Amino acid sequence: MVWFKDFGFNENPLDIRPNALLVGLDDHEDRLKNHVLKEELCFINGLTGTGKSSLLEKIQKEMKDHKFIYLDAHDLPKDFNLEEELKKKRSFFDKITLKNFPSKKPVLIIDEFQDTDKSIVLQARSSWEKAANRKLKSIVIAQISKYLKNVTPSFKERIGNRTITLPSLDDDELKMMIKLRLSQTKKGRQLYTKLHEKALELLIYASGQNPRRLLEYTDMLFDFHKQKFKDLNPLTKKDYKISYHAAKEILDVSGINLAGFDAVDEEKKKTTKAGDAFERYFNKDEKKILKFLLKKGPQTYTSLAMHTKISKKNLKKIVAQLKKKNGVRAAGREGRMFLWEVTPQTKRMTVKV
């Protein structure tokens, strides 16, 4: 039996697939719904795990008086035809009255928009824009990067300021996400309390504050106990908690990189003045890169090397070290090159940069 059945869950509460239990996105959800209701074209962007797919799924479930066409540009066949897809949304009444397209115009959602064929973009725009023959009510596009590469300037103009950027969750919001996921049990148990506070902090650090990774690593701890102890699983005991040391050992065995956590934790204890941890924990070149990223936002290796005057070879080594220290993380791509940004943990370590 799988671990979550022992606690009254029908499904794994830590499943990484889109989930309606969103944290910190209420305002963004309201904005998205408003754009749809106003029949507008809008753009959602945010890093992997910030909740784009979950938010898109949630509005489809909640806006029951709307029809939706959801497209994942990753998986579209080469011969995909938007008009044929639109015809599938016709109601029974539309069909018996021989209408070619649905009288109730659907909302088009295109996820992973950066991979969308330009011909589909043109079809979508035409179906939404032409007043005399309008077939779409609204268009919602979503992707990781905030840069739209495969559209014309006029398409960007039509988006205007209707861009919704989903923020990365901070530590408290990530803790709330885990709490919500582990509280939905029929037996009324608060499974969240099975994680020692320090163990949860370690999980957040190891995940790089990526919600999907956090769910995966938390599931790893619960699954480990079930697989090792079977019916004698100590998690079923009232007072048992997964300690920091137990969590660290399980993650270590699973090959999860935990380098830097203890050092960061020690710096938190030592720090008496804002910015001290930042100054102590990072060396001169690391601080130079971090300060530039804090000022300018996500950058590629090439851009960082040019502006910091550090050779690209050495810069890659420094960025690799910063990744181990959880100082930077990937922030999508610009063409074929990774973009790097400062992690939320590091931003909170400093005020005087």
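Whatever comes next refers back to the structure up there.
Okay, so let's go over this structure. Model, not experiment: these values are computed from the prediction. (Residues numbered from 1 in each chain as written. Predicted model: local features only at pLDDT ≥ 70, side-chain atom pairs only at ≥ 80, totals over all residues. Heavy atoms only, no water.)

Section: the pairing of strand β3 (residues 107–111)
Consecutive side chains of a regular strand alternate in pointing toward one face of the sheet and then the other.
Here is step 1: Of all the five residues making up β3, five are buried; the element is thus mostly covered by neighbouring parts of the structure.
Here is step 2: By the alternation rule, side chains of β3 split into Val 107, Ile 109 and Asp 111 and Leu 108 and Ile 110, which are all buried.
Here is step 3: Strand direction decides the pairing type here: strand β2 (residues 68–72) and β3, joined by five bridges, are parallel. Bridge pairing links Tyr 70 to Ile 109 in β3.
Here is step 4: Bridging between β3 and strand β4 (residues 138–143) involves four bridges; their strand directions are parallel. Considered in β4, the bridge of Ile 109 is made with Val 140.
Here is step 5: Remark: the β3/helix α5 (residues 118–129)/β4 crossover connection has right-handed handedness. (Buried < 20%, exposed > 50% of the residue type's maximum accessible area, 1.4 Å probe, protein only. Helix = DSSP H or I, 4+ residues; strand = E, 2+ residues; numbered from the N terminus. Pairing = 2+ DSSP bridges. Right-handed = clockwise from strand over helix to strand, strands pointing away.)

Some points on the nonpolar core
Here is step 1: If you look at the biggest cluster of nonpolar residues, it comprises 54 residues, and the most contacted ones within it are Ile 178, Leu 182, Leu 195 and Leu 251.
Here is step 2: Broken down by element, the residue count for this core peaks at seven residues, all from helix α8 (residues 197–207).
Here is step 3: Setting aside residues no more than four positions away along its own chain, Leu 195 makes contact with Ile 178, Leu 182, Leu 200, Leu 203, Thr 218, Leu 221, Phe 222 and Ile 242.
Here is step 4: Within the second largest apolar cluster, 22 residues are counted, among which are Ala 73, Val 121, Ala 124 and Trp 128. (Core = buried A, V, L, I, M, F, W, Y, C linked by side-chain atoms within 4.5 Å. Contact = heavy atoms within 4.5 Å.)

A look at the packing of helix α7 (residues 171–181) against helix α9 (residues 211–229)
Here is step 1: Direction vectors running N to C along α7 and α9 enclose 50°, while the axes themselves pass 11 Å from each other. In terms of axis orientation, α7 runs oblique to α9. Seen from above, α7 lies across α9 with right-handed handedness. In this structure, α7 uses Leu 174, Met 177, Ile 178 and Arg 181 to contact α9, whose residues at the interface are Pro 211, Leu 214, Leu 215 and Thr 218.
Here is step 2: Of the residues in the contact of α7 with α9, the class split is six nonpolar, one polar and one charged. (Axes fitted to C-alpha atoms, helices over the stretch in contact; angles between N-to-C directions. Parallel < 35°, antiparallel > 145°, perpendicular 65-115°, else oblique. Left-handed = near helix turned anticlockwise from the far one by under 90°. Nonpolar A, V, L, I, M, F, W, Y, C, P; charged D, E, K, R; others polar.)

A few points about the pattern of salt bridges
Here is step 1: The final tally for this structure, using the stated rule, is 17 salt bridges.
Here is step 2: For Asp 6, the salt bridge identified is with Lys 226, shortest N-O distance 2.9 Å. Taken together, the residues Asp 6 in the segment before α1 (26–37) and Lys 226 in helix α9 connect sequence positions 220 residues apart.
Here is step 3: When its relative accessible area of 6% is taken as the criterion, Lys 226 is described as buried.
Here is step 4: Measuring nitrogen to oxygen at the nearest pair gives 2.1 Å for the salt bridge that ties Glu 129 to Arg 158. Note that Glu 129 is positioned in helix α5 and Arg 158 in helix α6 (residues 153–159), a separation of 29 residues in sequence.
Here is step 5: Owing to a relative accessible area of 26%, Arg 158 belongs among the partly exposed residues under this scheme.
Here is step 6: Each of the salt bridges in this network shares a partner with another, and the network as a whole consists of Glu 29, Lys 33, Lys 58 and Glu 62. (Salt bridge = Lys/Arg side-chain N within 4 Å of Asp/Glu carboxyl O.)

A closer look at helix α14 (residues 301–308)
Here is step 1: Among the residues of α14, those classed as buried are Ser 303, Leu 304, Ala 305 and Thr 308.
Here is step 2: Here the buried face of α14 lies against α13 (284–296) and α15 (312–324).

Quick notes on the packing of aromatic side chains
Here is step 1: The full count for this structure, using the stated rule, is six aromatic pairs.
Here is step 2: The rings of Trp 3, Phe 4, Phe 7 and Phe 222 are connected pair by pair, giving a single aromatic cluster.
Here is step 3: Between the NZ or CZ atom of Lys 316 and the centre of the ring of Tyr 301, over which it lies, the distance is 5.3 Å.
Here is step 4: Seen from the ring of Phe 338, Arg 333 lies directly overhead, with NZ or CZ sitting 4.0 Å from the centre. (Phe/Tyr/Trp six-rings, centres within 6.5 Å; stacked < 30°, edge-to-face > 60°. Lys NZ or Arg CZ within 6 Å of the ring centre and 35° of its normal.)

Looking at the environment of Asp 252
Here is step 1: Its location among the elements puts Asp 252 in helix α10 (residues 244–253).
Here is step 2: Under the relative-accessibility criterion, Asp 252 is labelled partly exposed at 43%.
Here is step 3: When the C-alpha positions of Asp 252 and Arg 90 are compared, they lie 54 Å apart, and in sequence the two are 162 residues distant.

Considering the sheet that holds strand β5 (residues 163–165)
Here is step 1: The strand order across the open sheet formed by five strands is β2-β3-β4-β1-β5, and the pairing between neighbours is parallel. Both outer strands of the open sheet, β2 and β5, are each paired with one neighbouring strand and no more. Direction aside, neighbouring strands of the sheet carry axes that sit 15° apart on average.
Here is step 2: Here strand β1 (residues 41–45) runs beside β5; their pairing, made up of three bridges, is parallel. Paired with Ile 44 across the two strands is Ile 164, which belongs to β5.
Here is step 3: Against the sheet, helix α2 (residues 52–62) contacts β1, β2, β3 and β4, and its axis sits at roughly 165° relative to β3.
Here is step 4: In the packing of α5 onto the sheet, contacts are made with β1, β3 and β4, and the angle to β4 comes to roughly 150°.

Notes on a nonpolar patch on the surface
Here is step 1: On the surface, a nonpolar cluster with roughly 380 Å² of combined accessible area is contributed by Phe 92, Phe 93 and Ile 96.
Here is step 2: For Phe 93, the position within the fold is in helix α4 (residues 92–96).
Here is step 3: Residue Phe 93 is classed as exposed on the basis of its relative accessible area, which comes to 53%. (Patch = residues over 30% accessible without salt bridge, like charges linked within 9 Å, V, L, I, M, F, W, Y side chains within 5 Å. Areas by Shrake-Rupley, 256 points an atom, 1.4 Å probe, with all protein chains shown as cover.)

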